[in-house]
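What the coordinates show
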Amino acid sequence: MNTRDLASPSRRNFLTATSAIGGGLLLGFGLPARGEVRDTLTTNAPFAPNAFLRIDRTGKVTFVMPVIEMGQGTYTSLPMLIAEELEVDVDKVAIEHSPPDDKVYANPLIGAQLTGGSTSIRSTYVPLRRAGATARVMLVTAAAQRWNVAPSTCRAQKGVVVHAPTGRKLGYGELVDAAAKLPVPEKVALKEPADFKLIGTPHRRLDTTGKVNGSAKFGIDTRLPGMKFAVVAASPTFGGRLVSVDEAKAKAVPGVSQVVRLDDAVAVVAIHTWAAKQGLAAAAPQWDAGPNAKVSTADIVAQLAAASEKPGAVARHDGDAAAAIARAAQKIDAVYEQPFLAHAAMEPMNCTVHLTKEGCDIWVGTQIPGMTQAAVMKLTGLTREQVRIHNHLLGGGFGRRLEYDGTVRAVQIAQQVQGPVQVIWTREEDIQHDMYRPYYYDRLSAGVDAQGKAVAWSHRITGSSIVARYFPPWIKDGVDPDAVDASANQPYGFSDIHVDWVAQEPPGIPTSWWRGVGVTRGTFPVESFVDELAAHAKRDPLAYRVALLDKNPRSKNVLQRVAERSGWGKPLPAGQGRGIALCIGFGSFIAQVVQVSVDKDGTVNPTHVWCVVDCGIQVNPDTIRAQMESGIVFGLSAALHGQITIKDGRVEQTNFGDYRVLRINETPRIRVDLVKNLEAPGGIGEPGTSCVMPALTNAIFAATGKRIRKLPVGDQARTEA
Amino acid sequence: MITLNVNGKPRNLDIADDTPLLWTLRDVLNMTGTKFGCGAGLCGACTIHIDGQPVRSCITPVSAAAGRRITTIEAIGATPAGKKVQAAWQALDVPQCGYCQSGQVMSASALLAATARPSDADIDNAMAGNICRCGTYPRIRAAIKKAAGVTDTEV
């Protein structure tokens, strides 16, 4: 992609400039929301800015931004994009969320926000640089006019415009009022990557101080005068109803003021969370288990297996895979299964609400403030202006905070409570009432010729469609594009490929996004089955993949580089093995090698992970490394231990004791290497998770000969009974 | 009525003896730096120090802290070990979402105060009770070594 092509806005009103309240320059511009990019560029809808760059009379730069920080480093990498072109130091760019009660920012900003899908850099890489460059050009022009010299004789550096021939200088703060009166230039040249001073250079995160001294504020840290605390319990079975509570016993607990009954939940309100929790235990709610009272994981899997017998909606059809498999010398079949997963973000679900006749204030950390606001409007009948979302840092997102169920529940409770109330989910409640990564059931088949070479590939995916609920217009010809991601577009060069999709919803179990979404879903079966085919052909798993990637040089490159890094092919002691996997997703190419040691009792210890990332242009390389480390640990937790199981219509797991996640003593050494190039920037928040799962199970195969086709690994690596 | 010594200040509280310190700090004293993660001593997000020892405040009743010194994340930077840990955390950009990091910093500070040059096994022992879902463990290990002046080895 040529950066110069991107430098000219396709519509002249893509940026607006006005005087800021209190003096200074205010640039408004558009950041595309997911799926909205094309509309913004081609329709004649009036331009509404959803991001703002403000420079005040002291030269302070403030970026009012719609993307939320949930650990992925955007509070550093996005200011880097602005600072690069504006010619200021990164730490001179302050970040603000949209003030919800401010008429200038409120509505356009909250309109179409979604932080997720590894999109933050991809959607802002050009617009933020353009905003920075536009402001710089206007400030330089203002300085040139003040000095009555040609703008070409002036340059900007570190927040100052310098007239080179005379050495005269003016700070940005001295120029903002004049700049605000200038027309917005229609075109500005963006820097060539070779001229970048910041982009591509590791930069310390700007949000660390508050996170190491306890002052960073998450939604759960909201404290308001007169605020009460509520602990909520929903029906333990999905679809159950509240029958009765012992209100007297609850209120006998010191500090408890109220019991709130809802159709399918109960909350106890008190002066602090502990009293509320004690009150809830005393209330001993009784439930009607409802229509799903008998549902178990085994039933759900049986339904998926039955549904996967029949053809689904076709996601890819190259050649005629069925015929090619039928006439092949041998057919190889495999079924892969992936469990329901909880998110278990460290900050349990919570939401603070103050509902009055005048409006509804909500303090929460959310990836979707706009959708949340709309849901609360629907629930309360309040107008958009009356529903004010005060967004906070997220104590982990991972997809959980792409849903507004928690906020809706908190508002339902607040409808019965006088004054502000903080509603908290205990960890048990958080795990048992998550919206889960769906259970998936994949059938894969390949035809193999007499020489062991695979000639055709067939893949049927069966599971819950999140897209069908979350954003139905994305469904095309019956295919859920997320559910078939990394499966329909798998890169291996088989001549005949058939991929189809069968939607089958689990009764009563709410499903939703989970880190890596469809790419995580698809990479495990595809990279596992390719590994099976390599083993069947008695070929090295790396060489086998590379031979099928002629048309995919970036994939080939990351695989070869990770092999070099990891010492691929060097012998290991018995009980150890290396596994390799490739992941293409979110515009990035990643390859990983996992090395495991498997104990005699079947305990799997991942000891090393090597990761090579080609995500195109790197904004903050250290953040990319951090996101890979993060994704790898998250993926290993799930692959080794993660599963939510259902018995008698309810989730069996309760807390970190039975929903195990990796701890520091179980974490492998991780080495991340980055490929430098000038390709368009790709997403990095999720694919590290997607890649590591099959790399792990392929390593277990290398170590033990045991092919893991069902996650989590659990004790499946045990070789002796 | 119970008197707690929190970060060097006496605090008189009218609160039931069995109330966990976590909720006392967060909900009664509005000191929100100490985090709720599991309520069962499984994740370490709520770690504080009592007389310099790391404890899980979610399962420690206020009665157990009477007459003893409570130190929280808000004041750990005033101790030599806490100051070193916070500086190393910043130098290596340890936090991601940051929610568990109060607890991580508290556990690491207790480790360094007791063991000036911790081994990998020491780090595992001291830090295995602290979960991080963002997977910052490799950097936590490196930052503890940096704070202790111990050289880390490359993979």
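Throughout, residues of each chain are indexed from 1 in the direction in which the sequence is written. Chain letters and ligand numbers both follow the written order, the letters beginning at A and the numbers at 1. Where local features are concerned, this predicted model is filtered to residues with pLDDT of at least 70; where side-chain atom pairs are given and counted, the filter is 80 or more; whole-chain, interface and lining totals use all residues.

What follows concerns the overall build of chain B. Numbering of helices and strands starts at the N terminus; helices are DSSP runs of H or I of at least 4 residues and strands are runs of E of at least 2. Counting secondary structure elements, chain B contains six helices and five strands. Beginning at the N terminus, the succession of helices and strands in chain B can be written as β-β-α-β-β-β-α-α-α-α-α. Taken against the 2.2 N^0.38 rule, which gives 15 Å for 155 residues, the C-alpha radius of gyration of chain B at 15 Å falls within 12% of a compact globule. Taking the principal axes of the C-alpha coordinates as reference, chain B spans close to 55 × 30 × 25 Å. A pair of residues counts as a contact when their C-beta atoms, built from backbone coordinates, are within 7 Å of each other. Residue pairs at least 24 apart in sequence account for 61% of intrachain contacts in chain B once pairs closer than 6 positions are excluded. The globule rule used here is 2.2 Å times the number of residues to the 0.38 power, and the radius of gyration it is set against is calculated over C-alpha atoms.

It is worth spelling out the overall build of chain A at this point. What chain A contains, in helices and strands, is 20 helices and 28 strands. At 27 Å, chain A has a C-alpha radius of gyration in line with the 27 Å of a compact globule built from 721 residues. When its C-alpha atoms are laid out on the principal axes, chain A stretches across 85 × 70 × 45 Å. Scored against the burial criterion, the 721 residues of chain A give a buried share of 57%. Counting contacts in chain A only where the partners sit at least 6 residues apart, residues at least 24 apart contribute 77% of the total. Partly exposed residues are those falling between the two cut-offs: more than 12 but fewer than 20 other C-beta atoms within 10 Å of their own, whereas 20 or more means buried and 12 or fewer means exposed, with C-beta atoms placed from the backbone.

This part covers the domain arrangement of chain B. Residues and elements named next belong to chain B. What fixes the domain bounds is an automatic or database domain assignment. According to the domain assignment, chain B contains domain 1 (2-75) and domain 2 (76-148). On a C-alpha basis, the centres of domain 1 and domain 2 stand 20 Å from each other. Listed as interface residues are 17 residues of domain 1 and, on the opposing side, 14 residues of domain 2. Taken together, the elements giving at least two residues each to the side of domain 1 that touches domain 2 come down to strand E3 (47-50), strand E4 (53-56) and helix H2 (73-76). With three residues, E3 is the single largest residue contributor to the side of domain 1 that touches domain 2. Polarity classes work like this: nonpolar for Ala, Val, Leu, Ile, Met, Phe, Trp, Tyr, Cys and Pro, charged for Asp, Glu, Lys and Arg, and polar for all others, with Gly in that last group. Along the lines of polarity and charge, the residues of the side of domain 1 that touches domain 2 split into seven nonpolar, nine polar and one charged.

Our focus in this paragraph is the nonpolar core. All names here are of chain A. Each nonpolar core reported here comprises buried Ala, Val, Leu, Ile, Met, Phe, Trp, Tyr and Cys residues connected via C-beta atoms within 7 Å. Counting residues in each nonpolar core, the largest one holds 215 residues, and the members touching the most others are Ala230, Ala267, Val268, Cys611 and Ile700. If we ignore the near neighbours within four places in the chain, the residues touching Ala230 are Val260, Ala267, Val268, Val269, Ala276, Ile413, Val421, Gln422 and Val423. Membership of the second largest hydrophobic core comes to 46 residues, among which are Ala51, Leu53, Met65 and Ala131.

This next bit is on the domain arrangement of chain A. Residue and element names in this part refer to chain A. For chain A, the assigned domains are domain 1 (3-212), domain 2 (219-290 + 349-424) and domain 3 (297-340 + 436-704). If you look at the interface, domain 2 gives nine residues, while domain 3 gives eight residues. Within the side of domain 2 that touches domain 3, the residues separate by chemical class into five nonpolar, three polar and one charged.

Locating Asn130 of chain B in the fold gives a position in the loop between helix H5 (120-127) and helix H6 (137-148). Beyond its immediate sequence surroundings of up to four residues, Asn130 of chain B is in contact with Gly44, Thr47, Cys100, Gly103, Gln104 and Ser107 of chain B.

For the rest of this paragraph, the subject is the confidence of the model for chain A. All names here are of chain A. Averaged over every residue, the pLDDT of chain A is 90; residues scoring 70 or more account for 90%. Counting contacts from residues 1-13, a segment whose pLDDT is below 50, to residues more than four positions away or on other chains yields 18 contacts. The pLDDT value tells you how sure the predictor is about a given residue, anywhere from 0 up to 100. Of the regions scoring below 50 in pLDDT, residues 33-47 engages in 15 contacts with residues more than four places distant in sequence or in other chains.

Residues and elements named next belong to chain A. Each residue after the first adds 1.5 Å to the expected span of a helix. With 13 residues, helix H3 (residues 74-86) ought to run about 18 Å at 1.5 Å a step, and its terminal C-alpha atoms sit 18 Å apart, in line with that. The buried fraction of H3 is high, at 13 of 13 residues. Directly beyond the C-terminal end of H3, a positive phi value near 65 degrees is found at Glu87.

All names here are of chain A. DSSP calls a pair of strands paired once it identifies at least 2 bridges connecting them. Sheet analysis places strand E6 (residues 154-157) next to strand E7 (residues 160-163), joined by four bridges and oriented antiparallel. Looking at E7, one finds that Cys154 is bridged to His163. Where E6 hands over to E7, the hairpin turn is made up of two residues, of which Lys158 adopts a positive phi near 45 degrees. Here E7 pairs with strand E8 (residues 168-171) via four bridges, running antiparallel. Bridged to Val161 within E8 is Leu170. Counted between consecutive antiparallel strands, the loop separating E7 from E8 contains four residues, among which Gly167 sits at a positive phi close to 75 degrees.

Time to look at unusual backbone geometry. Residue and element names in this part refer to chain A. Of note, the bond from Leu711 into Pro712 is cis; its omega dihedral lies within 30 degrees of zero at 0 degrees. The backbone phi angle of Glu87 is positive, close to 65 degrees, even though this residue is not glycine. The buried category is assigned to Glu87, around which 23 C-beta atoms lie within 10 Å. Phi is positive for Asn148, close to 60 degrees, though the residue is something other than glycine. On the secondary structure map, Asn148 appears in the loop between helix H5 (120-147) and E6.

One turn of an α-helix holds 3.6 residues; hence residues three or four places apart share an orientation. Between its terminal C-alpha atoms helix H3 (residues 80-91) of chain B stretches 17 Å, which fits the 16 Å expected from twelve residues at 1.5 Å a residue. Buried within H3 of chain B we find Ala81, Gly82, Lys84, Val85, Gln86, Ala88 and Trp89 of chain B. Elements in contact with the buried residues of H3 of chain B: helix H7 (209-212) of chain A together with H2, helix H4 (101-114) and H6 of chain B. Just downstream of H3 of chain B lies Asp93 of chain B, where phi reads positive at about 50 degrees.

Turning to the confidence of the model for chain B, a few remarks are in order. Across chain B, pLDDT averages 96, with 98% of residues at or above 70. Interface confidence for the predicted complex, expressed as ipTM, amounts to 0.98; the pTM equals 0.92.

For the rest of this paragraph, the subject is the sheet that holds strand E21 (residues 454-463) of chain A. Residue and element names in this part refer to chain A. The mixed open sheet is built from five strands, whose spatial order is E14-E22-E21-E20-E15. One side of each edge strand has no neighbouring strand; the edge strands of this open sheet are strand E14 (313-318) and strand E15 (330-338). If you compare each strand with its neighbour and ignore which way they point, the axes differ by 10 degrees on average. Note on geometry: axes are C-alpha line fits, over the in-contact stretch for helices, and angles between N-to-C directions span 0 to 180 degrees. The sheet contacts of helix H16 (residues 517-536) involve E15, strand E20 (440-448) and E21, and relative to E15 the element is tilted by about 150 degrees.

Right, let's get into the pairing of E3 of chain B. All names here are of chain B. As paired elements, E3 and E4 share four bridges and run antiparallel to each other. Bridge pairing in E4 places Ile50 opposite Gln53. Connecting E3 to the next strand, E4, in antiparallel fashion are two residues, including Asp51 with a positive phi near 50 degrees. As defined by bridge partners, E3 adjoins strand E5 (residues 69-71) across two bridges and the pair is classed as antiparallel. Within E5, the position partnered with His49 by the bridge is Thr71.

Residues and elements named next belong to chain A. The mixed open sheet is built from four strands, whose spatial order is E23-E24-E25-E28. Of all the strands in the sheet, the pair left with one neighbour each is strand E23 (576-585) and strand E28 (669-674). Across the sheet, the mean angle separating the axes of adjacent strands is 15 degrees when strand polarity is ignored.

Residues and elements named next belong to chain B. Look at H3 against H4: their axes get within 8 Å of each other, and the N-to-C directions meet at 125 degrees. Accordingly, the angle class assigned to the pair H3 and H4 is oblique. Where H3 crosses over H4, the handedness of that crossing is right-handed. Each of Ala81, Gly82, Lys84, Val85, Gln86 and Trp89 in H3 lies in contact with H4, whose residues at this interface are Val105, Ala108, Ser109, Leu112 and Ala113. Its residues assigned to classes, the contact of H3 with H4 shows seven nonpolar, three polar and one charged. Working definition: roughly parallel below 35 degrees, roughly antiparallel above 145 degrees, roughly perpendicular at 65 to 115 degrees, and oblique for all remaining angles. Working rule for handedness: look at the near helix, and if it is turned counterclockwise from the far one by less than a right angle, call the crossing left-handed; if clockwise, right-handed.

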